[in-house]
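Here is how the chains run, residue by residue.
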Amino acid sequence: MTGQMTNRELMLTLGAAAREAARALALAPAQQKNDALMAMAAKIRRSAAAILSENARDLGNARAKQLKGSFVDRLTLNGARIEAMAKGLEEIAALPDPVGQVMSRWSRPNGLEISRVRVPIGVIGIIYESRPNVTADAGGLCLKSGNAAILRGGSDSFHSSGAIIACLQRGLDTAGLPRTAIQMAPNADRDCVGLMLEGLGGALDLIVPRGGKSLVARVQADARVPVFSHLEGICHVYVDKAADTEMARRVCLNAKMRRTGICASAETILIDRAAAETNLKPIVATLIDAGCEVRGDAATQAADPRVKPATEEDWSTEYLDAVVSVKVVDGVDEAMAHIARHGSQHTDSIITGDAATAERFLNEVDSAIVLHNASTQFADGGEFGFGAEIGIATGKLHARGPVGVEQLTTFKYQVRGTGQTRP
């Protein structure tokens, strides 16, 4: 609590202020929003030492709790990651402003002119865990799309996120926009999450959770407002019989080991039995030599004695660590059936030189992101040219895949007439 105010009172106050700020943002010209984003980037760079100091506090607490290495990696900031945050804000500023874009326009026989026009959603709540860079990404994307944001980062990243929020709010001040356009829950109490899920007295229009399965499951179950999210990232790479062996080896290594703790990391590699003789052993050996534990079926165990036996549970597990399951399958049909049964509709990739097989995979695999001859780790808003992302959505309504500025808008219809009345 702060002063005599309860958490409920504090959060309702944040919600009311955000709703007021959202009205101003919806009308803010593109240049003013871009000026704010550029000022935010500059202030993050100038405040790097302060941000790293607060991050060191969070890291010290995380290590004292003996949290997993993958968690600590997501929490860690350094000079390169701070620069990436600043650059991300500049990239968002360079994007076209989605607000006011005419999506389509048509005329009716009675002379009415109808337009479908992009507008902001309103006030967006973002609930996330250990990655403090989400603070900058989410704040910037919401601002560019004309939405106010209320952020509740994890308790483990509370100090880091607070230092970043201060930079964002100073950027808003510089551009003459209300600093209440981007706010942070005032403390790390868990009941702040519950209050956001209730909707803050009608202030929140949308919630975006970004974190582990337990967080996302709670948000999906308890939220009283719409949610953009994905529950798990059980991502696959399928190595087809027509795959280039060296390409398959490189892509599988990158898809799993570039960063193991992100949702786009490959958790299962499927290898066509017709390609196993040339592809299975080098892929498995490369992964193990890189420090990855491989759990495989009988064929995979036979290829390398270091492979551990896979259980049925492994095929449906999101490891978020240097662990991968490998299975030999009978062609693309069995691969797609495996993905349909065990996948999470997040991101799946095929490695093949056969264009027809690639098109089948791209068309038939029902995931938010499907790739051909590319690593699953490209499932990222920045890599899609969105500047950044607020998260990945695997639902099928409104937004799917990386959620960037365009996905953070809705639309309204503008109808222009000359005095028409309906008979």
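Preceding block: the structure.
These notes cover the structure that comes with them. (Residues numbered from 1 in each chain as written. Predicted model: local features only at pLDDT ≥ 70, side-chain atom pairs only at ≥ 80, totals over all residues. Heavy atoms only, no water.)

**Notes on the side chain of S47**
Mapping S47 onto the fold places it in the loop between α2 (30-46) and α3 (48-64). Within the local environment of S47, its side chain forms a polar contact with the backbone oxygen of K43, the two atoms lying 2.8 Å apart. Other than its neighbours up to four places away in sequence, S47 contacts C167 and R170. (Helix = DSSP H or I, 4+ residues; strand = E, 2+ residues; numbered from the N terminus. Polar contact = N/O pair within 3.5 Å; in protein donor to acceptor, adjacent residues only side chain to side chain. Contact = heavy atoms within 4.5 Å.)

**Digging into the packing of aromatic side chains**
Going through the model one piece at a time under the given rule, you end up with four aromatic pairs. When the centroid spacing of 5.6 Å and the interplanar angle of 80 degrees are considered together, the rings of F411 and Y413 count as edge-to-face. Accessibility expressed as a relative area gives 38% for F411, which makes it partly exposed. Taken together, W106, F411 and Y413 form an aromatic cluster joined through their ring pairs. The ring centre of F411 lies 5.5 Å from the NZ or CZ of R116, which sits over that ring. Sitting over the ring of W315, K327 keeps its end group 5.4 Å from the ring centre. (Phe/Tyr/Trp six-rings, centres within 6.5 Å; stacked < 30°, edge-to-face > 60°. Buried < 20%, exposed > 50% of the residue type's maximum accessible area, 1.4 Å probe, protein only. Lys NZ or Arg CZ within 6 Å of the ring centre and 35° of its normal.)

**Focus on the pattern of salt bridges**
Following the criterion strictly, the structure yields 29 salt bridges and no others. R19 is the salt-bridge partner of D205, the closest N and O atoms lying 2.8 Å from each other. Taken together, the positions of D205 in the loop between α8 (191-198) and β6 (206-210) and R19 in helix α1 (residues 7-27) put the pair 186 residues apart, joining distant regions of the chain. Judged by its relative accessible area of 26%, D205 falls in the partly exposed class. Residue class for R19 comes out partly exposed when judged on its relative accessible area of 23%. (Salt bridge = Lys/Arg side-chain N within 4 Å of Asp/Glu carboxyl O.)

**Examining α1**
Compared with an ideal rise of 1.5 Å per residue, which puts 21 residues at 30 Å, α1 spans 31 Å between its outermost C-alpha atoms and is within 8% of the ideal. Among all positions in α1, only N7, L10, M11, L14, G15, A18, A21, A22 and L25 are buried. Projected onto a plane normal to the axis of α1, the buried residues spread over an arc of 140 degrees and lie on a single side. In α1, those exposed residues whose orientation departs by more than 90 degrees from the buried face are A16 and L27. On its buried face, α1 sits against β3 (123-128), α6 (133-144), β4 (148-152), β5 (182-184) and α8. (Expected span 1.5 Å × (residues − 1). Arc of directions from axis to C-beta.)

**Describing the sheet that holds strand β1 (residues 102-107)**
Pairing is antiparallel across the open sheet formed by three strands, whose spatial order is β1-β2-β16. Either end of the sheet is taken by a strand with one partner, and the two such strands are β1 and β16 (409-416). Across this sheet, the average inter-strand angle for adjacent strands is 20 degrees, counted without regard to direction. Alignment of strand β2 (residues 113-120) against β16, held across eight bridges, turns out to be antiparallel. (Pairing = 2+ DSSP bridges. Axes fitted to C-alpha atoms, helices over the stretch in contact; angles between N-to-C directions.)

**Quick word on the sheet that holds β5**
Taken together, four strands build an open sheet; the order of strands is β5-β4-β3-β6 and the sheet is parallel. Two strands bound the open sheet, and with one partner strand each, they are β5 and β6. With strand direction ignored, the average angle separating the axes of adjacent strands in the sheet is 20 degrees. Inspection of the sheet shows β3 paired to β4 by five bridges, in the parallel sense.

**Observations regarding the environment of I82**
Assignment of secondary structure puts I82 in helix α5 (residues 79-94). Since its relative accessible area comes to 3%, I82 is described here as buried. With 50 residues separating them in the primary sequence, I82 and P132 have C-alpha atoms 9.9 Å apart. Other than its neighbours up to four places away in sequence, I82 contacts I44, A48, I51 and L52.

Shape descriptors only; they carry no functional weight alone.
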